[in-house]
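Fold and geometry: a report
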Amino acid sequence: MTHLKIFISPVEIGLTNFEMKGSAVQFQQRQMDEIAPIFLDHEAVKKFPSQTVVYSVQSWQPVAEGTPGGLFFGVSTIMPGKVGREYFMTKGHFHAQSDCAEFYWGVQGKGVLILMDRDRNTWGEEVYPGSLHYIGQDIAHRLANTGDQNLVVGACWPSDAGHDYDEIAGNGFSARLIEINGQPVLVSE
Ligand code: S6P
Ligand code: ZN
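Here we summarise the structure given alongside this text. As the structure is a prediction and not an experimental result, all values here were calculated from the model. (Residues numbered from 1 in each chain as written. Chains lettered and ligands numbered in written order. Predicted model: local features only at pLDDT ≥ 70, side-chain atom pairs only at ≥ 80, totals over all residues. Heavy atoms only, no water.)

This next bit is on the site of ligand 1. In the vicinity of ligand 1, 14 residues are found, and the nearest of them are Tyr-55, Ser-76, Glu-102, Tyr-104 and Tyr-165. Glu-102 places a polar side-chain atom, nitrogen or oxygen, 2.9 Å from an oxygen atom of ligand 1. Between ligand 1 and the protein, one listed contact pairs an oxygen atom with a side-chain N or O atom of His-141 at 3.4 Å. Protein burial of ligand 1: of its 400 Å² of free accessible surface, 97% is covered by the chains. Of all the secondary-structure elements, those providing two or more residues to the shell around ligand 1 are β4 (53-60) and β8 (102-108). Residues of the shell around ligand 1, tallied by class, amount to five nonpolar, seven polar and two charged. (Near = heavy atom within 4 Å. Polar contact = N/O pair within 3.5 Å; in protein donor to acceptor, adjacent residues only side chain to side chain. Areas by Shrake-Rupley, 256 points an atom, 1.4 Å probe, with all protein chains shown as cover. Helix = DSSP H or I, 4+ residues; strand = E, 2+ residues; numbered from the N terminus. Nonpolar A, V, L, I, M, F, W, Y, C, P; charged D, E, K, R; others polar.)

Printed below as a string of structure tokens:
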């Protein structure tokens, strides 16, 4: 019986570093060998040990994936680094349920949220502690770390959004975030 009881939530979050704790927290890491094809410079990829962690994601999925009306919560941590001149970044995806939007917010470090619509227009938003980002319907999204410390970003998205990785894996974004004269620049493919 839950009536009149006062519970402790199964998940808590560090207010400064956004580290999630609790038995319901899921953890996923993406290593260089798994995501190498997303980077432009395949020779530069080979300089990294295959198990180099590029990014990790903690998440709390209180309902089953695909459930309409629920929400998921996550914290993504992208390590600092570059493959050649291209910043460490996430795989990036459209949502499988393409009318599902998402919020991101910057917690630590600095980076760029790279966004692309279905017409393959690509643009970026600067990510920094306190930056808030609305990722609208049908917009592909990818995070790149442009700083020299971890980039930590919070996220909240619908539980029925799902992930369509195939479109980006096959065709990429139409621009890449490259360091030019020490600055991040979006360069058309
Ligand atoms: C989920 C949300 C994030 C990403 C995470 C990793 O919709 O956008 O939690 O999953 O930043 O990126 P990716 O592209 O590997 O899923
Ligand atoms: Zn997403």
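Picking up after the structure, the text goes on.
Taken together, the six bridges between strand β9 (residues 111-116) and strand β10 (residues 122-127) define a ladder with antiparallel strand orientation. For Val-112, the partnering residue across the bridge sits in β10 and is Glu-126. The loop that links β9 with its antiparallel partner β10 comprises five residues; one of these, Arg-120, has a positive phi angle of about 70 degrees. (Pairing = 2+ DSSP bridges.)

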